[in-house]
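Examining the three-dimensional arrangement
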Amino acid sequence: MSTGKKATVVGAGFYGSTTTQRLAEYDLFDTVVLTDIIEGRPEGLALDLNQSRPIEGFETTVVGATTGRSGDGYEVIEGSDVVVVTAGLPRKPGMSRMDLLEVNAKIVRQVAENVAKYAPNAVVVVVSNPLDEMTALAQQVTQFPRHRVLGQAGMLDTARFTSNVAQALAVPVSAVKTLTLGSHGDTMVPVPSRCTVNGAPLADLLPPDKVEDLVVRTRNGGAEVVALLKTGSAYYAPSAAAARMARAIAEDAGAVLPVCAWVDGEYGISGVYLGVEAEIGATGVRRVVENPLTEPELAALREAAEAVRAKQADVADL
Ligand code: APR
């Protein structure tokens, strides 16, 4: 049955290929396009994924396409409802996400120019790092309305926080609710006041120093995986988060998710891409959802906004 929905994933590395698999297995899109500049890689992965359809039982067609640096081959993304940008280098052990800034800015700029040209009505979900800066850059280059360009970080960081809490208390992940806001980096703001286990505040279950340990582990969640892998960075949890966002967009779901969104007055913060909760639908961010925070959490969120603001302004020159 045709759904009329089309998604594109740019970058057929670990993050892009797992995101494509998840999107295809939702069986929500008619077509999921996977592109990369490495000749044959997206086509090969698409063929492989399509051959999994009889076993997994989905009808979505995956189309792989190699694109040239000058943009040739991008016609294949025409008509996409959502484009997930995963192109870019991942971290190596010891690197911060910010170390990727210059090299990934060139890649994201090239991708964004072509997305603007060939999929002018798409909602763009950026996942390339450093996330907050690459999201801002993609919006600047595409000149899409800000609500139509968002970044994936908060869902992943929140999932890591939840997983860490569940592991520490030996409870199912489904019993735990957590939240992280702020940046996808050093000024990430895990929000303990919004964390519950079976409805009980986390603060009633663990002493402050143990909560702080979980916050620190969450903030370093990406680096913890990078250090173990030694080559490349995490992709299972990140792709789950990105695919879930793409799904909320395609389904016009109105789901409230932690994402990197343009903030315009919420929490007394304006003019910056920042990790906040937002209602997600076919137009991208329908609205930023403002929930009560403690004074220290609000202060940390404002600090995060100032930390990323200057860097986001700088990306225009990269
Ligand atoms: N256009 C399309 N694809 C590109 C381009 C480009 N201009 N430049 C690079 N790529 C592709 C690479 O060829 C590679 O296949 O992006 C892919 C990146 O894949 P990986 O190296 O496996 O990296 P991955 O783990 O997928 O991470 C991608 O997500 O989490 C972030 O920090 C991470 O920025 C990184 C991105």
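Computed from a predicted structure; not experimentally measured.

**Points about the domain arrangement of the chain**
Reports of interface size often rely on the accessible area that becomes lost once the parts have come together. Parsing the chain into structural domains produces domain 1 (6-151) and domain 2 (154-317). When each unit is reduced to the centre of its C-alpha atoms, the spacing between domain 1 and domain 2 is 22 Å. In this complex, domain 1 contributes 38 residues to the contact, which on the side of domain 2 involves 39 residues. Taking both sides of the interface into account, the surface hidden between domain 1 and domain 2 amounts to around 3,400 Å²; carbon and sulfur atoms contribute 67%. In this assembly, domain 1 and domain 2 are joined by 0 salt bridges. Along the contact surface separating domain 1 from domain 2 lie 15 residue pairs in polar contact (both at pLDDT 80 or more). For the side of domain 1 that touches domain 2, the elements supplying multiple residues, two or more each, are helix H1 (14-26), strand E4 (82-85), helix H4 (101-118), strand E5 (123-126), helix H5 (131-142) and strand E6 (149-151). Per element, the largest residue contribution to the side of domain 1 that touches domain 2 is 8 residues, and it comes from H5. Residues belonging to the side of domain 1 that touches domain 2 are distributed by class as follows: 20 nonpolar, 8 polar and 10 charged.

**Observations regarding the pairing of E5**
Burial along E5 is two-sided: the face carrying Val123 and Val125 and the face carrying Val124 and Val126 are both buried. Crossover connection from E4 via H4 to parallel E5: handedness right-handed. Sheet topology note: the E5/E6 ladder contains 3 bridges and is parallel. Looking at the pairing, Val124 lines up with Val149 of E6. Note on the crossover from E5 through H5 to E6: the handedness is right-handed.

**Structural notes on the site of the ligand**
Phe14, Tyr15, Asp36, Leu89 and Gln110 are the nearest of the 22 residues found near the ligand. Contact distances for the ligand include 3.3 Å between an oxygen atom and a side-chain N or O atom of Asn104. Taking Gln110, its side chain carries an N or O atom lying 2.8 Å from a nitrogen atom of the ligand. When residues of the shell around the ligand are traced back to their parent elements, those giving at least two are H1 and H4.

**Points about the packing of helix H6 (residues 154-169) against helix H9 (residues 236-250)**
It is the contact of H6 with H9, at a shortest axis distance of 8 Å, that shows an interaxial angle of 130°. Here H6 lies oblique to H9, going by the angle between them. Viewed along their axes, H6 and H9 form a crossing whose handedness is right-handed. Together, Met155, Leu156 and Arg160 of H6 and Ala237, Pro238, Ala241, Arg244 and Met245 of H9 make up the contact between the two elements.

**Some remarks on the pattern of salt bridges**
Here the structure, examined in full by the defined rule, presents 7 salt bridges. Close ionic contact of Arg287 with Glu279 constitutes a salt bridge, the shortest N to O distance being 2.8 Å. Across the salt bridge formed by Glu306 and Arg309, the nearest N and O atoms sit 2.9 Å from each other. With Glu306 and Arg309 both in helix H10 (residues 295-314) and 3 residues apart, this pair spans about one turn of that helix. What makes Glu306 partly exposed here is its relative accessible area of 46%. The class of Arg309 is partly exposed, set by a relative accessible area of 28%. Overlapping salt bridges bring together Asp252, Glu279, Arg286 and Arg287 as one network.

Reading guide: rules and limits
Residues numbered from 1 in each chain as written. Predicted model: local features only at pLDDT ≥ 70, side-chain atom pairs only at ≥ 80, totals over all residues. Heavy atoms only, no water. Domains from an automatic or database assignment. Contact = heavy atoms within 4.5 Å. Buried area = accessible area lost by both parts, 1.4 Å probe. Salt bridge = Lys/Arg side-chain N within 4 Å of Asp/Glu carboxyl O. Polar contact = N/O pair within 3.5 Å; in protein donor to acceptor, adjacent residues only side chain to side chain. Helix = DSSP H or I, 4+ residues; strand = E, 2+ residues; numbered from the N terminus. Nonpolar A, V, L, I, M, F, W, Y, C, P; charged D, E, K, R; others polar. Buried < 20%, exposed > 50% of the residue type's maximum accessible area, 1.4 Å probe, protein only. Right-handed = clockwise from strand over helix to strand, strands pointing away. Pairing = 2+ DSSP bridges. Near = heavy atom within 4 Å. Axes fitted to C-alpha atoms, helices over the stretch in contact; angles between N-to-C directions. Parallel < 35°, antiparallel > 145°, perpendicular 65-115°, else oblique. Left-handed = near helix turned anticlockwise from the far one by under 90°.

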